[in-house]
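Residues per chain, in single letters:
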Amino acid sequence: MSRHRTLDAWIADITALARPDRVVWVDGTPEEKERLIEDAVSWGEVERLNPDKFPGCLYHRSDPSDVARTEELTFICTSSREEAGPTNHWMSPEDGYRRARAVLKDSMRGRTMYVIPFSMGLPGSEFSKIGVQLTDSLYVVLNMLIMTRAGRAALDALGTNGEFVRCVHGKIDLDIKKRLILHFPEDNAIWSTGSGYGGNALLGKKCLALRIASHAARREGWLAEHMLIVGIEDPSGRTEYITAAFPSACGKTNLAMLIPPEPLRRRGYKIWTVGDDIAWLRIGADGRLWAVNPEFGFFGVAPGTNSRTNRNAIETIRKNTIFTNVALGRDGTVWWEGADWPLPPGTKDWLGVPYDPKSVGQNGAMGYAAHPNSRFTAPASQCPSLSPHWEDPRGVPISAILFGARRERLAPLVYEAFDWKHGVYVGATMASERTAAQTGKVGELRYDPMAMLPFCGYNMADYFTHWLDMGRRIPKPPKIFHVNWFRKNAEGKFLWPGFGENLRVVNWILARSRGESKAQETPIGYVPTPDALDLSGVPVKPEDAEELLKVRPEEWEKEIESQQRFLSRFGSRLSPEIWREHEALKERLRSSVAA
Ligand code: OXD
Ligand code: MN
């Protein structure tokens with residue numbers, strides 16, 4: 001029981017429906033966490049890892065059918081289908097509640113239902129939103145304790161009549177037939193059933209902080225975005241912040257925790273991580289855009305993470321971390337493809353089958369030891385590059401916004417939009433090759449505007465309009481850029497080394513944002529002049545550097561035909577300003593090809 005009558009009445013309703021044997025309130029104390037871990041271990045939900053090598057760490061294997069977000073089972077339940085728009089799956093609120101209630105009915109008999117009050121953002125800050133999640137999964141509770149500020153403080157912030165997002169989660173028997181991820185933005189409610197996977201089940205993250213929050217942000221005049229936030233300190237001691245939106249599993253965590261390459265580190269460059277996945281942005285009193293990270297931890301992709309690609313992440317996950325669907329050694333240590341430590345003896349793969357590297361491709365685990373979307377859940381506070389301002393209730397001021405895609409061809413390493421409106425067009429027509437974070441065919445090209453395709457809680461045409469409106473309201477807007485670390489040469493080799501070297505590109509972006517540094521105008525935007533990027537010591541051949549920045553108008557003419565098909569899906573709801581940007585781009589390309 002709390003002091004909040006609406007909260008208590010709602011919990012009573014769900015308890016009567018799901019009929020758990022026990023209801024346990026999560027208070028967020030370390031003693032409680034220890035007790036919950038004990039229970040989770042004794043019920044076989046998690047195993048403790050080797051206490052010397054991975055102190056306080058836990059291991060979890062999920063159901064093999066429950067390893068990624070299931071976008072086809074994710075719905076926006078608004079009164080009209082148009083409100084959800086053509087890129088979201090829609091269900092009427094009546095149908096949504098009826099179906100979810102039927103699935104949840106009696107499903108917690110013999111189980112405990114946990115009540116998790118949590119705050120996205122610092123409790124009490126104007127940026128924050130409170131949620132309360134009910135769940136029958138102890139694994140979910142342990143993850144929520146890392147990913148959100150959960151427990152007593154969130155409940156206190158709610159007081160006796162504060163507003164909160166009602167989050168109902170039942171893993172039930174993880175049956176995909178019972179899987180539904182439903183959002184009711186008009187009701188401030190989320191119902192998720194039949195899945196225990198992070199993106200489907202940790203309801204503070206994608207469901208609240210993006211889908212429900214984006215809907216609220218439009219009403220309230222701010223932005224809820226799928227963006228990392230990072231500060232770059234230069235040798236003079238000045239720190240400037242950027243946000244960057246990349247589709248899932250395209251390196252947001254790596255960019256957020258980047259280690260400057262040696263020559264830049266020696267000159268005094270430092271990186272300050274604020275967030276790796278979600279940014280909430282508001283217009284500050286000084287007319288700039290300010291951002292907070294509403295999360296409390298990192299839910300990162302494990303494969304490919306090593307001390308070369310992301311040393312800060314490796315430091316972050318050494319203790320108090322939950323590993324899901326990675327490979328497990330007999331000695332209680334973990335491993336994944338791309339780890340830079342040896343395969344531990346007696347390793348079992350993510351399905352629990354003994355792993356034999358010699359029979360890769362033939363065993364039941366898709367040939368991988370760790371699932372490609374296996375994850376770590378780690379407290380942000382353990383990150384060595386964590387910004388001293390990461391919990392500043394005002395957030396940090398943003399100098400530039402980056403949109404990024406994974407494109408083997410076409411998109412240059414970096415280009416700058418002509419202005420905010422053009423930047424919105426660039427974000428709206430972002431297309432990327434699919435990764436393992438979504439179910440579906442890896443490698444296929446899909447439009448993912450602002451990396452928000454799976455996360456926008458309303459009609460994306462209205463979302464673009466909201467971005468355009470925000471541009472008019474921000475007195476000192478950040479500049480907008482597009483980056484692509486993934487361009488390949490004719491032999492299929494990456495042209496750009498990526499990782500730490502990305503700081504070279506970010507430095508050009510920051511210089512441009514201050515009105516410094518050189519660029520050449522192309523039909524798609526401003527591209528660095530060959531001498532404007534500091535490539536000293538970067539292992540890139542001059543001809544590759546040229547190719548990286550190349551804009552081929554003939555190729556872009558094909559691309560904009562496909563952009564036009566994508567944008568047409570929004571019909572008359574799409575702002576004429578977006579079409580004007582489209583026409584202007586077409587015209588610039590036409591004259592450039594003609595010349
Ligand atoms: C994530 C995702 O887990 O975008 O961050 O899928
Ligand atoms: Mn994400």
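Calculation rules
Residues numbered from 1 in each chain as written. Chains lettered and ligands numbered in written order. Predicted model: local features only at pLDDT ≥ 70, side-chain atom pairs only at ≥ 80, totals over all residues. Heavy atoms only, no water. Donors = N, O, S within 2.8 Å, 3.2 Å for Na, K, Ca; no water. Helix = DSSP H or I, 4+ residues; strand = E, 2+ residues; numbered from the N terminus. Buried < 20%, exposed > 50% of the residue type's maximum accessible area, 1.4 Å probe, protein only. Core = buried A, V, L, I, M, F, W, Y, C linked by side-chain atoms within 4.5 Å. Contact = heavy atoms within 4.5 Å. Salt bridge = Lys/Arg side-chain N within 4 Å of Asp/Glu carboxyl O. Near = heavy atom within 4 Å. Polar contact = N/O pair within 3.5 Å; in protein donor to acceptor, adjacent residues only side chain to side chain. Areas by Shrake-Rupley, 256 points an atom, 1.4 Å probe, with all protein chains shown as cover. Nonpolar A, V, L, I, M, F, W, Y, C, P; charged D, E, K, R; others polar. Pairing = 2+ DSSP bridges.

## A word on the coordination of the manganese ion (ligand 2)
Note on the manganese ion (ligand 2): its protein donors are K206 (NZ), H226 (NE2) and D277 (OD). The metal-donor distances range over 2.1 to 2.2 Å. On the primary sequence, the residues serving as donors to the manganese ion (ligand 2) are separated as K-x19-H-x50-D. Taken as a pair, K206 in helix α8 (residues 204-220) and D277 in the loop between β15 (270-275) and β16 (279-283) lie far apart in primary sequence, 71 residues in all. Overall, the relative accessible area of 5% leaves K206 in the buried class. Exposure remark for D277: the relative accessible area of 8% places this residue in the buried category.

## Focus on the nonpolar core
Judged by nonpolar contacts, the single largest core of 159 residues is most densely connected at W280, F323, W336 and W467. Sort the elements by how many residues they give to this core and helix α5 (residues 138-147) lands first, with nine residues. In contact with W467, not counting residues within four places along its chain, are L223, E225, M227, I401, F403, W420, V424, M450 and I480. Of all hydrophobic cores here, the second largest spans 29 residues; its members include I14, F75, C77 and L104.

## A look at the pattern of salt bridges
A full pass over the atoms with the stated rule returns 50 salt bridges. Put simply, D277 and K206 hold a salt bridge, and the shortest N to O gap is 2.7 Å. For E546, the salt bridge is made with K550, and the minimal N-O distance between the two is 3.6 Å. Taken together, the shared-partner salt bridges connect K205, K206, K252, D277 and E295 into one network.

## Here we look at the site of ligand 1
Near ligand 1 there are ten residues, and of these R69, K206, S248, D277 and R375 occur at the shortest range. Separating an oxygen atom of ligand 1 from a side-chain N or O atom of H226 is a distance of 3.3 Å. In the model, an oxygen atom of ligand 1 is placed 3.2 Å from a nitrogen or oxygen of the D277 side chain. Surface burial for ligand 1 is 96%, taken as the share of its 210 Å² of free accessible area covered by protein chains. Of the residues assigned to the shell around ligand 1, the class counts are three nonpolar, two polar and five charged.

## What about the pairing of strand β14 (residues 239-245)?
Most of β14 is tucked away, with six of its seven residues classed as buried. Relative to β14, strand β13 (residues 228-233) is paired through six bridges, and the arrangement is antiparallel. Paired with V230 across the strands is I242, a residue of β14. Taking the residues that link successive antiparallel strands as the turn, the β13-β14 hairpin has five residues, and the phi of G237 there is positive, at about 95 degrees.

In short, geometric facts, not functional conclusions.
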